[in-house]
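Fold and contact review
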Amino acid sequence: ATLDIRSSLAVRELAAKEAELRELKGELEVLGAKKRVLDALAEARASRHVWLGSLIPMTTFAALFRMTWWEFSWDIVEPISFFVSTMGP
């Protein structure tokens, strides 16, 4: 008789754990969808930061290049480029 009680308790526990597992799987699906959306957003923002971060030094280089060969000479631009490059973007 005691074996039947134990087996029925085990069956109930198993059923409860399976129900909890189904509930957790549902939550995991919802959280997985949110994670995919956030991953795409983070990748887009990181890509934008990389492009903007590389655009600033390229713009500085282009401005110094133009000032050296079109507007002024190297004698005038050299101190400007020194201070600009030591200050950073």
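A quick note: this is a predicted structure, and the numbers were derived from the prediction, not measured.

**A look at the overall build of the chain**
Secondary structure summary: the chain contains 2 helices and 0 strands in total. What you see for the chain is a C-alpha radius of gyration of 32 Å, clearly larger than the 12 Å of a compact globule of 89 residues, by over 25%. Principal-axis analysis of the C-alpha atoms gives the chain an extent of 105 × 20 × 10 Å. Burial status across the chain gives 4% buried among its 89 residues. Counting only carbon and sulfur atoms, one obtains 69% of the accessible surface of the chain, whose full area is about 8000 Å². Within the chain, one finds 11 positive and 12 negative side-chain charges whose respective centroids are separated by 8 Å.

**Structural notes on the packing of aromatic side chains**
One pass over the full model with this rule turns up 4 aromatic pairs. With 5.9 Å between their ring centres and 65° between their planes, F65 and W70 make a pair best called edge-to-face. When its relative accessible area of 37% is taken as the criterion, F65 is described as partly exposed. Taking the relative accessible area as the measure of exposure, W70 reaches 56% and is therefore exposed.

**Observations concerning the pattern of salt bridges**
All told, the structure shown has 2 salt bridges when counted by the stated rule. For K35, the salt bridge is made with D39, and the minimal N-O distance between the two is 2.6 Å. Pair noted here: K35 and D39 are both in helix α1 (residues 2-71), with a separation of 4 residues, about one helical turn. Residue D39 is classed as partly exposed on the basis of its relative accessible area, which comes to 39%.

**Quick look at the side chain of S81**
Summarising the element assignment, S81 is placed in helix α2 (residues 74-87). Within the local environment of S81, its side chain forms a polar contact with the backbone oxygen of E78, the two atoms lying 2.9 Å apart.

**So, the side chain of T68**
Within the element layout of this structure, T68 appears in helix α1. Polar contacts involving the side chain of T68 include one to the main-chain carbonyl oxygen of L64, which spans 2.7 Å. With residues up to four places along the chain from it excluded, the contact list for T68 reads S73, W74 and V77.

**Overview of the environment of G26**
Mapped onto the secondary structure, G26 falls in helix α1. Between the alpha carbons of G26 and S54 there is a distance of 43 Å; along the sequence they are 28 residues apart.

Conventions used here
Residues numbered from 1 in each chain as written. Predicted model: local features only at pLDDT ≥ 70, side-chain atom pairs only at ≥ 80, totals over all residues. Heavy atoms only, no water. Helix = DSSP H or I, 4+ residues; strand = E, 2+ residues; numbered from the N terminus. Rg over C-alpha atoms; globule rule 2.2 N^0.38 Å. Buried < 20%, exposed > 50% of the residue type's maximum accessible area, 1.4 Å probe, protein only. Areas by Shrake-Rupley, 256 points an atom, 1.4 Å probe, with all protein chains shown as cover. Lys, Arg positive; Asp, Glu negative; His and termini not counted. Charge placed at Lys NZ, Arg CZ, Asp CG, Glu CD. Phe/Tyr/Trp six-rings, centres within 6.5 Å; stacked < 30°, edge-to-face > 60°. Salt bridge = Lys/Arg side-chain N within 4 Å of Asp/Glu carboxyl O. Polar contact = N/O pair within 3.5 Å; in protein donor to acceptor, adjacent residues only side chain to side chain. Contact = heavy atoms within 4.5 Å.

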